[in-house]
Structure formats: structure tokens, C-alpha cells
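# Structural description and commentary
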Amino acid sequence: MENAIDFQELRRREWQRIRSSKNKSNVNHAGRLLSAEHAEHAEHTEPDESVTTARNNNEKPPSSHQEAVISSQSNTCTCSLSPYVSVLHQNKLSEDLHRIVSPTKIDSVFYAQHFLSSVQAQEIMSWLDSIPEYSQHVSCVRQTEREESLQHNGKWTRLKHARRNVALFDGTICNLPPILQRLSNTLVAIGAFPSSHPPNHVLINEYKSGEGIMPHTDGPAYESRTATISLGGSDVIFKLWPRQHHDTQLHSATTQLVKNPSLEVILHGNGSLVLFSNDAYLNHCHGIQEGLLEETTSMNGVCGNDAKGGTLVKRGYRISLTFRCKKLT
């Protein structure tokens, strides 16, 4: 196919860059971690010599077994990237400090207003600016679901129905960029995710003033745990509603419950973290109200980090990075 991507070469290049990384590293325009001496010349990095030699000598491409070995080695290296040191007390989520108390006793919601430092947040924002945009190409060849996923993976894509930009990074089909892998490792290090099921799937949403997301569940494709980091500077009110049931005898009561959120949490837009799991994940919808430039937290203790309620929250530009563990099928 014309202009097709040589994924074998990309994997080899990635492996070469990861091996050349040192403890003191910087993030280049593509989001890869490079040693300080290589960062200055990142734009002029040459392809792996073994790839060039193989092409010049017309050698056969690596076998599937060789690719598997390379992929396994690459996975091992990216997963071993050192986590960020968060600004959490003792670098851990705490039952006492971060658990959100709900008047309806929703289980397992944690919130840390200060999770990332300002330097870490700026580093991530700079990397987000380098994510390429997806370009729609008309093809007569029907693509498989995996091929289509690979085309969108790691690129800003415009959602027509929601009219916002999203970027998906699925670690089950391609290694996470090192900067996201470090964040994934950080979430494990602070106790947000178990080491047996670390985050391997990241969905990045770009919200402009007044934009939100309708109430939804993340579904059974993931382990019942979601963590979202908020960047960009704007605050929003994150809300949880009980899931609707289709029992006709309970329809009116259930509808009334859904109209009013069971829990609210103000998400601050400068590196905060919200984590919800178990009952909050399985039995509740979550969302951010759309079409509002400002809103006020509810009274009577519904807002978990604003007990009195009535706080005015002005909406502006916000980026969310949502981490989940996608189940392997």
C-alpha cells in the first residue's frame, strides 16, 4: 500500500531509543524519553543501523518470533520506566486524606487536588501539543478493526457527535508512549491501581469552555477502576448518578434519582486526580454537565470536597487523561 507505515522499523527505532535512555532524561517532541546528550539532536535521529543494513543487503524482514522477542523486550523496558514522584503525602493515596465521603455512601471514590507538580503538568501539556492529528483517508480496501484502531491510535481525532477532540492510546495493541507509561507506573506506585492490573489504556479528552460529557459508564471491557488527571487550568464539577434500572415498578423513583446526582466532586484543572472503582464504577454513571460556562455545587453535602455547597465553578479549557486497565481477551 502506498505510504504504508513500516511498524517493524518503528518498533526497532523505539527499542533503540529506549535502550539509549539514561536516568536523567528529557521528553522530545514525539513524547519519547531521551538522555540529555541526545535530546538536543532528537530531530536528527538516524534509523537503526541494522534496519538500514538489512535493506541494503536485501535481507529478509525479521520473523514473527523475532518480532515477538523485540516487542517483549520493549514492553519490559517501558514498564520499568521510573514513575513520577507525585506531590501526595508520602507519595500515596490515603484513606484518611483522599477518600471522598458521600451522603449516599458511594464506595471507593478518591480525590487529590494536588497530584502532579506544576513542572510535571507543564511537561505533559507540552507533549500533548505534539500529538499529531488523524487525517481521514478514503480507501477502497475494507480495514479490520485492529487496522482501524492502529490508524487512530496516538492521534487527535475529532468526534463528530460530541464535537470535541480525543486521543486514544491503547497499550494492548501498541506500547504506550514513555510519558504515559511513566504516569501509568506512577498510578501503580501511589496505590491507585494494583500492580497485577496496571493501566494500559489512556483516553485523552480536550474540552473547551462549556463542553462536557453526558452521563455514561466505562463498561465491562475494563477492570472496574478509572483514574482521571485534569490539566489545562479549568475546574469542573464531576458527578455520579445511580444507574437506571428498567423495572417498570421502580421507573419513576429511579428516574428521579438519575435527575439528581448522588455525588459531586470539584476537579481542579492543575494536576488533580480522581479515582473511582467498585460500586462507584459498576453501579453509577459519571459525567460532566454540558453547555454551562459556570455552575454551582449542590447543597446538603452532595459535593464531596465542598460540604457547604454553593461554590461557583467557572468553566474553561481543560484536558483530561483517563487511565484504565483494558481486559485482555
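See the structure printed just above.
Residues numbered from 1 in each chain as written. Predicted model: local features only at pLDDT ≥ 70, side-chain atom pairs only at ≥ 80, totals over all residues. Heavy atoms only, no water.

This part covers the overall build of the chain. The helix and strand tally for the chain stands at ten helices and 15 strands. A buried classification covers 42% of the 329 residues belonging to the chain. Counting only contacts in the chain whose residues sit at least 6 apart along the sequence, the fraction spanning at least 24 positions is 76%. Element-wise, carbon and sulfur atoms account for 50% of the exposed surface of the chain, whose accessible area totals about 18,700 Å². (Helix = DSSP H or I, 4+ residues; strand = E, 2+ residues; numbered from the N terminus. Buried < 20%, exposed > 50% of the residue type's maximum accessible area, 1.4 Å probe, protein only. Contact = heavy atoms within 4.5 Å. Areas by Shrake-Rupley, 256 points an atom, 1.4 Å probe, with all protein chains shown as cover.)

So, on to the sheet that holds strand β4 (residues 156-159). Sheet architecture is open: seven strands sit in the order β3-β11-β8-β15-β6-β5-β4, paired in antiparallel fashion. This sheet does not close on itself; its edge strands, each paired only once, are β3 (109-112) and β4. In this sheet, adjacent strand axes meet at a mean angle of 20 degrees when their direction is disregarded. Here four bridges tie β3 to strand β11 (residues 272-277), and the two strands are oriented antiparallel to one another. (Pairing = 2+ DSSP bridges. Axes fitted to C-alpha atoms, helices over the stretch in contact; angles between N-to-C directions.)

Now for the side chain of Ser234. Relative to the elements of secondary structure, Ser234 occurs in the loop between β8 (222-231) and β9 (236-242). With near-sequence residues (within four places) excluded, Ser234 lies in contact with Leu267, His268, Gly269, Lys314, Arg315, Gly316, Tyr317 and Arg318.

Structurally, the position occupied by Gly271 is in the loop between β10 (263-267) and β11. In this structure, the C-alpha to C-alpha distance between Gly271 and Ser118, residues 153 residues apart in sequence, is 7.4 Å. Beyond its immediate sequence surroundings of up to four residues, Gly271 is in contact with Gln113, His114, Phe115, Leu116, Ser230 and Leu231.

It is worth spelling out unusual backbone geometry at this point. The phi dihedral of Gln90 is positive, around 60 degrees, even though this residue is not glycine. Looking at the secondary structure, you find Gln90 in the loop between α4 (64-79) and α5 (95-98). Even without being glycine, Ser108 reaches a positive phi, approximately 65 degrees. Note on placement: Ser108 falls in the loop between α5 and β3. On the basis of relative accessibility, which here comes to 6%, the residue Ser108 falls in the buried class.

All right, on to the pairing of strand β15 (residues 318-326) then. Successive residues of a regular strand alternate their side chains across the two faces of the sheet. Most of β15 sits inside the fold, with eight of its nine residues counted as buried. The sheet contact formed by strand β6 (residues 201-207) and β15 spans seven bridges and is antiparallel. Note on β15: the bridge partner recorded for Val202 is Phe323.

The next thing to look at is the packing of aromatic side chains. Under the definition given, this model contains three aromatic pairs. Judged by centre distance (5.7 Å) and plane angle (40 degrees), the ring pair of Phe238 and Phe276 falls under tilted. Of this pair, Phe238 sits in strand β9 while Phe276 sits in strand β11, and the two are 38 residues apart along the sequence. Owing to a relative accessible area of 6%, Phe238 belongs among the buried residues under this scheme. Taken together through their ring pairs, the aromatic side chains of Phe238, Phe276 and Tyr281 make up a single cluster. (Phe/Tyr/Trp six-rings, centres within 6.5 Å; stacked < 30°, edge-to-face > 60°.)

Moving on, we get to the sheet that holds β10. Pairing in this open sheet of four strands is antiparallel, and the strands run β7-β12-β9-β10 from one edge to the other. Lying at the two open borders of the sheet, with one neighbouring strand each, are β7 (213-216) and β10. The sheet shows a mean angle of 15 degrees between the axes of neighbouring strands, taken without regard to direction. Direction of pairing for β9 relative to strand β12 (residues 284-288): antiparallel, over a ladder of five bridges. Within β12, the residue paired with Trp241 across the bridge is Cys285.

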